[in-house]
Structure formats: C-alpha cells, structure tokens
Amino acid sequence: MNTATSKSLFARAGRVLPGGVNSPVRAFRSVGLDPRFIVSGNGSRLTDADGNVFIDYVSSWGPMLFGHNHPAVREAVERTVRDGLGFGAPSPLEVDMAELATRLTGIDVIRMVNSGTEAVMGAIRVARGFTKRNKVVKFAGCYHGHSDMMLVKAGSGLLTGGVPDSAGVPPGVTADTLTARYNDADSVEALFKENPDAIAAVIVEPVAANMGVVPPKDGFLQALRDISQRHGALLIFDEVITGFRLAPGGAQEYFGIRADLVTYGKIIGGGMPVGAYGGRRDIMEMVAPLGPVYQAGTLSGNPVAMTAGLAQLSMIDRDRDVYARIDRAAARLADGLAAAARSAGAAVTVSRVGSLLTAFFLPAPAVDYESAVNSDTTAYAAYFAGMLDRGIYLAPSQFEAMFVSAAHSDEDIDATVNAAKEALAGISHA
C-alpha cells in the first residue's frame, strides 16, 4: 500500500504542529505507525492522500451516524453558507436546533457551545452555581474533555483529591475533583461520606467509551441517580459520545435514567464543531443572561454548524428505525469479530452497546479502568496494522470505540470480519 504522500505530509506537519497533529491520538504513536492523511469521506469509506480507500469505523470519532458526507447534510450546509458564515448574533437556525434537540432528548433548556470540552466546562460550572458546592466526582477512565479540572487520574487513593494527569495543570485546580471507580457505586457513596455537603455533582459517561467501550453494570446508573439525589448533588451524563447515537434521547432514553444535566457533542453537530449542555429548567436558568453563572462564546450557535446538526437530527427524527438497523449491523460485526478471535486462538473480548464496540485484547470483559488497562496493547498495535493494510480504518488506540453507521453494509461488515480473521491469524498468541 503506497503511503508516500501521507509520509511527506506528516514530515511537513511535524515542523509546524506539535507532534505533527492537532489532536494527540491522530499521531498513531500508540500503534507505532505514521498517520494517514485523509482527503475525503463518503458513506462508509475514507480515502487518504495516496488514494487508498478504507472502510471506516472511526466515523470522525462518532458524529457520522448516517455515514460520511451525507447529501442531506452537505446540501443544507451549502445552502446556508450562501448567506454568510457567521453573524455573532442570534439566528433562526439556533431556535430550530434548540427546539428539535430538546424535543428529542426530553431536556428542558439547552445552551449551544463549540465542543464537548466546552459543554462539560459549562455543565460543571452551572452545577456548582446551583448547588453552591465545589467538589465534583468523576470516574477513572472516563474522559470529559481537556479542561484542567477533568484531567485527573485515580491514583492509589479514591478518597483523596485528584492528581493532575497533564503537565501544566496546577494541583490546586484539581483539588476539588474526586475520582471513583466506574461500575462501583459503593466508591461513590464513600466519597459522599468523606465529603459531606461538599459535592456539587457526579459526572459520568453513561457508557464508558474512552477506555474502550465498557457498559454500565445493571443498576449502576440508577445507583448514581439515587446517591446524588439523596446527598443533594446533581447527576451529569456526559453524552458527547452516546447522545443521539444510542437512541434519539441518548443514554437517558436507552437506559431509562434521567440526569439533571447532560452534555452533548459529536452527532449534534453533524460533523461540524458543535457541543451543547442542558437539563432541568430551574438549573439552566442559572446561566447568564438569566442567572449569575457566566458562560459565553463568539461562535456558539454558528449558523453553518447549526445547519449541519439540524439536518442530521432531522434525519433521526424522520427515521427512528435507523437505530434498529445500525444495532443489527453492529451486532453482526461484534459476533463476527468474536468468532474471528476464537478461530485464531486470540485472547480477545468484544464489548458492545448499540453501535459502539471495542475489541479488547483481554481474556475477560473489561468492567472498569483497572481491568481495561490490562489489555495487550502490543497485540492491538499489530492487529491495527494488519487491519489497516487490509483496508479497514480503526481507532489508533486500544482504548477507543468502533462506531458503526447506517452506511455500513452487510458487505462492509463481512469484509471487516474477513480482514480480522487474517490480521489475527498473523499475530503470535503464545
């Protein structure tokens, strides 16, 4: 497979971009390769700068529920840009978008922002303003963007303040970030007992998807709902990945649990940089200009971005059966990958929730961060390279999700499973 153009681009990028990329995982460092530079995406396929075509399961990290470059989204954006790229003032599209998003999700009020990171920042700030408390509980292995207070790892003590997980983050910034174990409600209860009347919110990925896909255990999300309510704290669902992907109402609808605040990204932008946070009316009325919690953004509600998101959410609204179709395709893929692993004698466990899945190089399912990080990342790197050579584009990290879209055909799934059989057979499983 020719990669000369991508290699040349990466060399140029390395002189002007940190690590040659604008987001770390794109550098392919964890799989020991150089990145492919993508020039186009259509349906289930990506094409790189050398003309190589791949069946894509990264899906721009989730937004492309209907596949890349869907005509309905593209044509809507083309119509909107004729009238301008942005106004720094309200537009009718913001109202249309907010009305549809709240109707699909069941939340009362929503604020548009530009990324999932920004959405989490806003949600945590309003939670603190509403409760008049400072501390926030997060879970080891759950990613909530790159704001300072969320860049925290668990360390060895669950009941202490957070330790920064990035250079440049002062310890004082994360002193109010408490880390619990995902799928362990008792660890959350313990934090509340150690910090009485001090915790503003519990924030969780309802389906962990940034340590690989780890489903919530039965009763875990309901326990978080009960614990936070009992202690006067808010429950925040970070649905930047699961929002509009598991169901029109996201994880709240899928699991039947109502959060107080929810953050969105990915699909809500239809491929454009859009995020949002929202929830109960009494909480969201704390946000400026109605209330004392300040948050603003020059490009928030940008008309082009609103158009892309509105087009995709409208497609969801018209075609609710899309979730059943994607679920069937994802189940077919998961079953096929599991069978391929068995035939190769590989210690691989496939974890799936709806259209999200991960092939963990583990002999048993991952249930939390501690079990997920025991994955054989060397074997995953070899598997990734083998799949890439066979025209399958996966996330260049063991600890990410595969995203199945409505554009993935049975032929795509079969080709992916066949590639997996060959790639796994070429890995030593001694």
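How each quantity is defined
- Residues numbered from 1 in each chain as written.
- Predicted model: local features only at pLDDT ≥ 70, side-chain atom pairs only at ≥ 80, totals over all residues.
- Heavy atoms only, no water.
- 1 Å grid on protein atoms, 1.4 Å probe; cavity = no way out; pocket = protein on both sides within 12 Å on 5 of 7 lines; lining within 4 Å.
- Points joined across faces, edges and corners; volume = space filled by probe spheres on them.
- Helix = DSSP H or I, 4+ residues; strand = E, 2+ residues; numbered from the N terminus.
- Nonpolar A, V, L, I, M, F, W, Y, C, P; charged D, E, K, R; others polar.
- Contact = heavy atoms within 4.5 Å.
- Buried < 20%, exposed > 50% of the residue type's maximum accessible area, 1.4 Å probe, protein only.
- Pairing = 2+ DSSP bridges.
- Salt bridge = Lys/Arg side-chain N within 4 Å of Asp/Glu carboxyl O.

1. A closer look at empty space enclosed by the protein
- Counted under the stated rule, the structure contains two cavities of 30 Å³ or more.
- Space inside the largest cavity adds up to approximately 80 Å³.
- What lines the largest cavity is Leu357, Thr358, Ala359, Tyr380, Tyr383, Leu394, Ala395, Ser397, Gln398, Glu400, Ala401 and Met402.
- Contributions of two or more residues to the lining of the largest cavity are made by strand 14 (356–360) and helix 12 (377–389).
- Among the elements that line the lining of the largest cavity, the one with the most residues is strand 14, at three residues.
- Grouping the amino acids of the lining of the largest cavity by side-chain chemistry returns eight nonpolar, three polar and one charged.
- Each pocket or cavity is described by its volume, and for the second largest cavity that value is around 40 Å³.
- Of the residues belonging to the lining of the second largest cavity, the class tally is one nonpolar, seven polar and one charged.

2. Topic: the environment of Ala208
- Structurally, the position occupied by Ala208 is in the loop between strand 9 (199–204) and helix 6 (220–230).
- Residues Ala208 and Gly141, spaced 67 residues apart in sequence, show a C-alpha to C-alpha distance of 7.6 Å.
- Those residues in contact with Ala208 that sit more than four places away from it in its chain are Cys142, Tyr182, Val213 and Val214.

3. Section: the layout of surface pockets
- In this structure, the second largest pocket encloses a volume near 440 Å³.
- At the level of secondary structure, the elements contributing two or more residues to the lining of the second largest pocket comprise helix 3 (92–105) and strand 4 (109–113).

4. Some points on the pairing of strand 14
- The buried count for strand 14 comes to five of five residues, which makes it a mostly enclosed element.
- Bridge count between strand 13 (residues 349–353) and strand 14: five bridges; the pairing is antiparallel. When the bridges of strand 14 are listed, Arg352 appears paired with Leu357.
- Joining the antiparallel neighbours strand 13 and strand 14 is a turn of two residues, in which Gly354 adopts a positive phi near 60°.
- Note: strand 14 against strand 16 (residues 402–403), two bridges, orientation antiparallel.

5. Topic: the pattern of salt bridges
- Per the stated rule, a full pass over the model turns up 16 salt bridges.
- Across the salt bridge formed by Arg133 and Asp197, the nearest N and O atoms sit 3.8 Å from each other. Here Asp197 lies in the loop between helix 5 (185–194) and strand 9 and Arg133 lies in the loop between helix 4 (116–131) and strand 5 (135–139), a separation of 64 residues in the sequence.
- Residue Asp197 is classed as exposed on the basis of its relative accessible area, which comes to 65%.
- Two residues, Asp414 and Arg332, come together in a salt bridge whose shortest N-O distance is 2.8 Å. In this pair, Asp414 is assigned in helix 13 (residues 410–425) and Arg332 in helix 10 (residues 322–344), connecting sequence segments 82 residues apart.
- Counted as one network, the salt bridges with shared partners bring together Arg225, Asp260, Arg280 and Asp282.

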